[in-house]
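# Tertiary structure, described
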Amino acid sequence: MSEPASISTGIAARYATAVYELAKEGKDVKGLEADISVLATAMAESADFNALINSPVYSRADQAAAITAIAKKSGVSALMTNTLALMADKRRLFVLPQLVQTLREVIATDKGEVTADVTSAKALTKAQSDKLAKTLKARMGKDVTINASVDESLIGGLIVKVGSKMIDTSIRSKLSSLQNAMKEVG
């Protein structure tokens, strides 16, 4: 991990721990999960939102005012709104993607769940997703939440990452290994 990435992760971990403890104390972990979904959607769908959290051009006051207005408009809880305002005031909004990821991990760990990042060539159906979750639960011994994404370049198959383990059954990787084997022969 590069130094700037590890610094961002460390900052995000401190904020995530504080926010989670406050949400748990206030018995509003469900609300925190909803806030995480709203923020993740905003980061995924809005280039303007990403510019706001990453651009050094905006002043602290402008960032704080904008992020507070966005949070209130999107129905984010007061706890998360205040956290975002504090992060803007401290010039730490750039760690928001890591904060969202770390909060998901902290909540899952506390619930005894594990998150599996699944990349497939085409979107998984509900039945396929449920079957995969059931299989992973049997293998891991914990409830599994699937974080699905689509990468058409896989051609077919899946890439499943759970913690430090990765299972790659994609056709792209099989073709790549076949190509390497053919290079060794010739």
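Residues numbered from 1 in each chain as written. Predicted model: local features only at pLDDT ≥ 70, side-chain atom pairs only at ≥ 80, totals over all residues. Heavy atoms only, no water.

### Digging into the pattern of salt bridges
Convention followed: Every case where a carboxyl oxygen of Asp or Glu lies within 4 Å of a side-chain nitrogen of Lys or Arg is listed as a salt bridge. Strands here are runs of E lasting at least two residues and helices are runs of H or I lasting at least four, both read from the DSSP assignment and numbered beginning at the N terminus.
If you walk through the whole model with that rule in mind, you get 5 salt bridges. In this structure, K24 engages D110 in a salt bridge whose closest nitrogen and oxygen atoms are separated by 3.3 Å. Separated by 86 residues along the polypeptide, K24 in helix α1 (residues 3–25) and D110 in helix α6 (residues 96–111) bring together distant segments of the chain. Among the salt bridges present, the one from D151 reaches R172, with a minimum N-O distance of 3.7 Å. Note that D151 is positioned in the loop between β2 (143–150) and β3 (158–162) and R172 in helix α8 (residues 171–185), a separation of 21 residues in sequence.

### Concerning the layout of surface pockets
Note the following rule: In the cavity and pocket records, a cavity denotes points on a 1 Å grid over the protein atoms alone where a 1.4 Å probe fits but cannot get out, a pocket denotes an open set with protein on both sides within 12 Å along at least 5 of 7 lines, and lining residues are residues with an atom within 4 Å of a point. Grid points are joined across faces, edges and corners, and a volume is the space filled by probe spheres set on the points. Residue polarity follows a fixed list, in which Ala, Val, Leu, Ile, Met, Phe, Trp, Tyr, Cys and Pro are nonpolar, Asp, Glu, Lys and Arg are charged, and the others, Gly among them, are polar.
Looking at the largest pocket, its volume works out to about 330 Å³. Lining the largest pocket are 14 residues, and of these E33, R104, E113, T115 and T145 sit closest to its centre. Counting only elements with at least two residues in the lining of the largest pocket, the list comes to α2 (29–45), α6, β1 (113–120) and β2. A total of 5 residues in the lining of the largest pocket trace back to one element, the largest contributor, which is α6. Grouping the amino acids of the lining of the largest pocket by side-chain chemistry returns 4 nonpolar, 5 polar and 5 charged. Taken as a whole, the second largest pocket spans an internal volume of roughly 270 Å³. As for the second largest pocket, its lining consists of L132, T135, L136, R139, M140, L158, V160, V162, K165, I167 and T169. Looking at the lining of the second largest pocket, the elements with two or more residues in it are α7 (126–140), β3 and β4 (165–168). If one sorts the elements of the lining of the second largest pocket by residue count, α7 sits on top with 5 residues.

### Details of unusual backbone geometry
Note the following rule: Only protein chains enter the area calculation, which uses a 1.4 Å probe; residues under 20% of their type maximum are buried, those over 50% are exposed, and those in between are partly exposed.
Despite not being glycine, R91 has its phi angle at roughly 60 degrees, a positive value. By the secondary structure assignment, R91 is in the loop between α5 (78–89) and α6. By relative accessible area, R91 is classed as partly exposed at 28%. Phi angles above zero are rare outside glycine, and I155 is one such case at about 70 degrees. Mapping I155 onto the fold places it in the loop between β2 and β3. Since its relative accessible area comes to 54%, I155 is described here as exposed.

### Considerations on the packing of α2 against α6
Where we set the bar: Every angle, taken between N-to-C directions, lies between 0 and 180 degrees, and every axis is a line fitted to C-alpha atoms, over only the stretch in contact when it is a helix. We call a crossing left-handed when the near helix sits turned anticlockwise from the far one by less than a right angle, and right-handed when that turn is clockwise. Whether two residues touch is decided by their heavy atoms; if any such pair falls within 4.5 Å, the residues are in contact.
Between α2 and α6, the least distance of the axes is 10 Å, while the angle of their chain directions is 145 degrees. In this structure, α2 meets α6 at a crossing whose hand is left-handed. Of α6, the residues touching α2 (which contributes V29, K30, L32, E33, I36, L39, A40 and M43) are L96, P97, V100, L103, R104, I107 and K111.

### Quick look at the nonpolar core
Just so we agree on the cut-off: For our purposes a nonpolar core is just a set of buried Ala, Val, Leu, Ile, Met, Phe, Trp, Tyr and Cys residues, chained together by side-chain atoms within 4.5 Å.
Membership of the largest hydrophobic core comes to 31 residues, with the highest contact counts inside it found for L32, I67, M80, L84, L96, L99 and L103. Mapped by element, the contributors of at least two residues to this core are α1, α2, α3 (47–54), α4 (60–73), α5 and α6. Aside from chain neighbours lying at most four places away, what touches I67 is F49, L52, I53, L84, A85, A88 and L93. One finds L132, L136, I146 and V160 within the second-largest nonpolar core, a separate group that totals 10 residues.

### Digging into the packing of α2 against α3
Here is the rule we go by: Orientation labels follow simple angle bins: below 35 degrees gives roughly parallel, above 145 gives roughly antiparallel, 65 to 115 gives roughly perpendicular, and whatever is left gives oblique.
Interaxial distance between α2 and α3 falls to 5 Å at its minimum, and their mutual angle equals 100 degrees. Viewed along their axes, α2 and α3 adopt a mutual orientation that is roughly perpendicular. Contacts between α2 and α3 involve L39, A42, M43 and E45 from the former and A47, F49, N50 and I53 from the latter. Split into classes, the residues belonging to the contact of α2 with α3 amount to 6 nonpolar, 1 polar and 1 charged.

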